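# Examining the three-dimensional arrangement
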Amino acid sequence: MNDAICEVCGKKAEKLYSVMIEGSQMLVCKECASLGKKVSQKPPKKMRFITKDEEKEEYLIENYGVIIKNKILEKYRDLKEFCKKYNYKESYLKKVIDEELPLSIDEARKLERILKIKLIVIEKKENYEVKEKELPKITLGDLIKEKLNL
Ligand SMILES: [Zn+2]
């Protein structure tokens, strides 16, 4: 932390900024930061962060609760039927759907497998911008439409 060196000018800096310069992400000093486009270090707000390691971070997709619920109701008569089959507590599942309880990575993976849906977005740390464009394009409008068709 003490030896923060700007990757552009090579000077020591108190604080480094993560910016895109000519297509690559670099850690630069304040002055050099104005050369590039700032890249947010924080996960996008809309996604719930679940795991983090050296190379990647994993998030739950936007509206995962609604997506889980819709998929369950598409395949099963009600939540009860689904819970019985897969040994879930209905009260737990309802909280997951309402996004009141954080969904663990293991649970998310299990639900992905059971329901054949995508709930987790994996982001390589140096590649925020690219990955964001690869998010499944499901809008709330689509989900509502889907629901009304049932
Ligand atoms: Zn610099």
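Residues numbered from 1 in each chain as written. Predicted model: local features only at pLDDT ≥ 70, side-chain atom pairs only at ≥ 80, totals over all residues.

## Points about the overall build of the protein chain
Counting secondary structure elements, the protein chain contains 7 helices and 6 strands. Going residue by residue from the N terminus, the α and β elements of the protein chain occur as β-β-α-β-β-β-α-α-α-α-β-α-α. Put simply, 40% of the contacts in the protein chain that link residues at least 6 apart link residues at least 24 apart. (Helix = DSSP H or I, 4+ residues; strand = E, 2+ residues; numbered from the N terminus. Contact = placed C-beta atoms within 7 Å.)

## As for the nonpolar core
By size, the foremost hydrophobic cluster in this structure holds 15 residues, and its most contacted members are Leu60, Tyr64, Ile68, Leu103, Ala108 and Leu119. Going through the elements one at a time, strand 5 (56-60), helix 2 (64-75), helix 4 (90-97) and helix 5 (105-115) are the ones with two or more residues in this core. Once residues within four sequence positions are removed from consideration, Tyr64 is found in contact with Leu103 and Leu119. Core analysis: the second largest hydrophobic core is formed by 5 residues, Val19, Val28, Cys29 and Cys32 among them. (Core = buried A, V, L, I, M, F, W, Y, C linked by C-beta atoms within 7 Å. Buried ≥ 20, exposed ≤ 12 C-beta atoms within 10 Å, placed from the backbone.)

## Thoughts on unusual backbone geometry
Even without being glycine, Asn63 reaches a positive phi, approximately 60 degrees. Looking at the secondary structure, you find Asn63 in the loop between strand 5 and helix 2. With phi around 60 degrees, Glu99 is a residue other than glycine that occupies positive phi space. Locating Glu99 in the fold gives a position in the loop between helix 4 and helix 5.

## Re the packing of helix 3 (residues 79-86) against helix 4
Here helix 3 crosses helix 4 at 115 degrees, and the two axes come no closer than 10 Å. Here the hand of the crossing between helix 3 and helix 4 comes out right-handed. Of helix 4, the residues touching helix 3 (which contributes Leu79, Lys80 and Cys83) are Glu90, Leu93 and Lys94. Of the residues assigned to the contact of helix 3 with helix 4, the class counts are 3 nonpolar, no polar and 3 charged. (Axes fitted to C-alpha atoms, helices over the stretch in contact; angles between N-to-C directions. Left-handed = near helix turned anticlockwise from the far one by under 90°. Nonpolar A, V, L, I, M, F, W, Y, C, P; charged D, E, K, R; others polar.)

## Here's the deal with helix 2
In a regular helix each residue adds 1.5 Å, so 12 residues correspond to 16 Å; helix 2 covers 17 Å between its end C-alpha atoms and thus fits that length. Turning to helix 2, its buried residues number three or more, namely Tyr64, Ile67, Ile68, Lys69, Asn70 and Ile72. (Expected span 1.5 Å × (residues − 1).)

## Looking at the pairing of strand 6 (residues 120-124)
Burial along strand 6 is one-sided: the residues Val121 and Glu123 are buried and none of Ile120, Ile122 and Lys124 is. The pairing of strand 5 with strand 6 spans 5 bridges and is antiparallel. When the bridges of strand 6 are listed, Leu60 appears paired with Ile120. (Pairing = 2+ DSSP bridges.)

## Section: the environment of Leu93
Note on placement: Leu93 falls in helix 4. Residue Leu93 is classed as buried on the basis of its 21 C-beta neighbours within 10 Å. Taking the C-alpha atoms as reference points, Leu93 and Lys80, separated by 13 residues in sequence, lie 9.7 Å from one another. Non-local contacts of Leu93, meaning those with residues more than four positions away in its chain, are made with Leu79, Cys83 and Tyr88.

## Quick notes on the confidence of the model for the protein chain
For any part of a model where pLDDT is low, the fine detail of the predicted coordinates should not be relied upon. Model confidence for the protein chain is summarised by a mean pLDDT of 79, while 75% of its residues fall at 70 or above. Per-element mean pLDDT across the protein chain ranges from 49 in helix 6 (residues 128-133) up to 96 in helix 3. In this model, residues 42-46 is a region of pLDDT below 50 whose contacts with residues beyond four sequence positions or in other chains number 5 contacts. Low pLDDT, under 50, characterises residues 127-131; the stretch is placed with 6 contacts to residues that sit more than four places away or in other chains. (pLDDT = per-residue confidence, 0-100.)

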